[in-house]
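Fold and geometry: a report
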Amino acid sequence: MPNENRKRGKKHKKTQEPSQPSCDTNQAPQNTEYHNRPSWIVPAQELEEPHPEAPFGYVDPDIKAYFRTVDDQIRTWQQERPYEEDQAADLDPNEAKRMFLVAALSEMSEKEKQLATDPDCSVVLERMAHSMDDFVRRVFLDSLSGSYEALVKHRFASHVCQTLFTVAADTVSRETKGIYPSVADSKDKGELRTLTRLILDICEELTPAFTSLVMDPFASHVLRALLLLLSPTSSAASHKAQSNMRSKKSSAWKARQGTMKSVFADNKSYNHVDSTRAVPNEFHEAAIRFVRVLKSELSDNEVRALAANKVASPLLQVILEVEADHGESSLSDSLMDHVLVGIITICHRNPDEQLEASDYLVTLLRDPTSSHLLETMVSRCPDLAFTMLWATYFRGKLARLATHPVANFVVAKAAERLNPTQLKGALEELASSWNKVVGSARTGVLRAMIDRACTLRAHEKDICQAVCNAFELFQPKDRSHLVSCILVLKPLREYIATGSTKYIEDAQQSSKKGKADDSKEPKVQGALILQSLLRLNEPHCMMVTDSIKSLPTEDLILLSQNPISSRVIDVLFDSETVPFKVKRALVMSLIGHYHTLVDDRIGSRVGDRCWAFADPYLREKIARSLIVHEQFLAASYFGKFFARNINLYLLQRRPDEWRELQSQSKSSTGKTTSPPALPSAPSAIVQRPDSDDTEISRPSKTSKKRRSRPEDEIDAVFNASLGAKVKRTAVSVTGGSDKLAVQKSDQDLQDVLGAIRAAPSDDGGRGKRQRKS
């Protein structure tokens, strides 16, 4: 044996010899400890504590890779266009998708908790939840039973639970109506609970820990979705519309994941909240049970502390709305009474008692986080409590609060509940502060008071005078600049000094160059004020319409082509208080300029609104004014759609049929259903005609040599009149009967055309033998 092998063996023996006794010494105490016990007793092994990021274990890498492909495929289906019926009639377009999802769900079996807590696979579960049917949702929710307290506090599983509660709303609504999916009988499995029963069991599981979950940064979002599922109201739906169900960081992260919707052809959007859907009575009881648990386990100061917490404050808003929906907020010792520092209790005891302002509520007014909660309380508290709240914390302080960067939103929300007397006092108090409100660009209070005056139909003259004073329009002749000043939120003096007629034009030119000037750009706040003014009664809304009427045509077109200011024109047509003659005068003032108006992305939409409002006589005037601009509209990227809508070609060729068509489209449904327009230059545009709408005037068999010959004078005349040998007919709303009538009217012309086509041409070319018939 070589020497190196012997040396290696000796070293190996030396390492083994000292290690052997160490093992014996370590195991000796254990052997002696269990020496006197029976042999069938095995000592319990010490289990490792689960990792907080994976409390149910880690996902196998192969399974994670598989679900990564599932995510890619589902994302592709969710982002593609709706299914087009271009396949065989007996082929279900959703069959392949269903088979794919069934395979993914089978792979998911008994791994739901691990997948939900995985950072990559949790997104896949959220995406799949939108495509699950009612039975699969019940199975999935049932597989997570008993672990919801841990799941809702997990960073990734909480979003899975939130998505499941969101999409479960439709299933619960169907179960409430008695619609259940068919379930195959199986002897191996037990009875599967309905989704309604599963939600109630989840509520019972979370009730003991509800107070601690309110402060949890991950569980609070899940509880909001759960309360919205239990008590769907219009107020709760408004929170959904304001993206209050997710934090800003979570919403931004989810937006990067792409659209999440059902992959099937008959998918429905789950992003909206239907406040009218039916829910069982047990859901209302479960929702109010959460409110009572929070009220019984927290003291007054602890409830008030939740208002200033960034995590708990949004959830507390939903809880207060649930309490108000069930009529318990008007009771003494309610949660709203705790947050309002006992105002409701004082109202029950002595409504005439004078209150001292609480430092706590004064702080809520100016705090960026808790001011949202105060908005909810102002809008949902009882009437007596609101009267006392307004007199104590708002009246006499409106001048400062209306210009505060945070408190002005609370004042605007409170203005929505003012009675005529309170509104009158608020207008008098703010009479000298409106210029500061406009200067600070915090116009929410002004717009809220205009809307309240419109709702009450009271003090409309005073609110119009307040608007004129805010923009320094003291003289009646200055009111012609009302629209221009309000759009840019500038008083008349500053507006004229900067340049009155070039505001919108300069703003559009600078925005196209990438150097937008904020001082010249129309503001959203100004457009909203004008829209609110247009909803006032007729003598008062005329202030805005007269200003629009006084604008030059060029400025009116620029106003209509701006994405912000064009909304004012939309409300002018929609408002019921604006006289009909004013709307008609606006449409007629643009005659002769419609080709310029519709040559824009926004202006073409305003042109469509004008066309939809116009009667058949006015439509004909608009259409005839555009005949000279037919080529301009055909060359315009946006104008060609407007030209196709008005159908100039049919008007020039068959005016009586065009008028009948417009009368029918105007009177049938009240909506404009114009026929597809024909090309303005039919001789220059050659399209392949359809067999249903056109008639082909050439013979069915034409030799290649004859087609290559130059056409004679008769052919040129008919091609110029019919458009490349194709006669197109208008698509009428009455169906195929009108189409047949149009075709019959030109039957004589078609006979002449067929005879000319059949005759031999005398073009001097090579002779051709004619076949005997």
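One structure accompanies this document, and this report is about it.

Thresholds applied
- Residues numbered from 1 in each chain as written.
- Predicted model: local features only at pLDDT ≥ 70, side-chain atom pairs only at ≥ 80, totals over all residues.
- Heavy atoms only, no water.
- Helix = DSSP H or I, 4+ residues; strand = E, 2+ residues; numbered from the N terminus.
- Buried < 20%, exposed > 50% of the residue type's maximum accessible area, 1.4 Å probe, protein only.
- Contact = heavy atoms within 4.5 Å.
- Phe/Tyr/Trp six-rings, centres within 6.5 Å; stacked < 30°, edge-to-face > 60°.
- Lys NZ or Arg CZ within 6 Å of the ring centre and 35° of its normal.
- Core = buried A, V, L, I, M, F, W, Y, C linked by side-chain atoms within 4.5 Å.

1. Let's talk about the environment of L198
The topology assignment puts L198 in helix α9 (residues 195-206). On the basis of relative accessible area, L198 is assigned to the buried category, the value being 1%. Here the alpha-carbon distance between L198 and S145, two residues 53 residues apart in the chain, equals 8.3 Å. Discounting chain neighbours no more than four positions away, the residues touching L198 are R138, L141, D142, S145 and R193.

2. Considerations on the packing of aromatic side chains
A full pass over the atoms with the stated rule returns twelve aromatic pairs. Taking 5.5 Å as the distance between ring centres and 50° as the angle between the ring planes, the aromatic pair formed by F573 and F613 counts as tilted. Here the residue F573 occupies a position in helix α34 (residues 566-574), and F613 occupies one in helix α37 (residues 601-613), the gap between them amounting to 40 residues. The same class applies to F573 as to F613, namely buried. Measuring from centroid to centroid gives 5.1 Å for F580 and F613, while their planes differ by 45°, and the two rings are tilted. Here the residue F580 occupies a position in helix α35 (residues 580-589), and F613 occupies one in helix α37, the gap between them amounting to 33 residues. Among the aromatic side chains, those forming a connected cluster through ring pairs are Y594, W611, F642 and W658. The aromatic ring of F264 is capped on one face by R98, whose charged end is 5.2 Å from the ring centroid. The lysine or arginine in question, R417, covers the ring of F386, its NZ or CZ lying 4.8 Å from the ring centre.

3. Thoughts on unusual backbone geometry
A positive phi is found at V341, a non-glycine position, where the angle reads about 60°. With respect to the helices and strands, V341 occurs in the loop between α17 (335-339) and α18 (343-349). Look at N647: it is not a glycine, yet its phi comes out positive at around 60°. Position of N647 among the secondary structure elements: in the loop between α40 (639-646) and α41 (648-653). The class of N647 is buried, set by a relative accessible area of 0%.

4. Observations concerning the nonpolar core
If you look at the biggest cluster of nonpolar residues, it comprises 183 residues, and the most contacted ones within it are M128, I199, F394 and M449. With nine residues, the top contributor of residues to this core is helix α8 (residues 157-176). Other than its neighbours up to four places away in sequence, I199 contacts L141, F165, L226, L229, L230 and F283.

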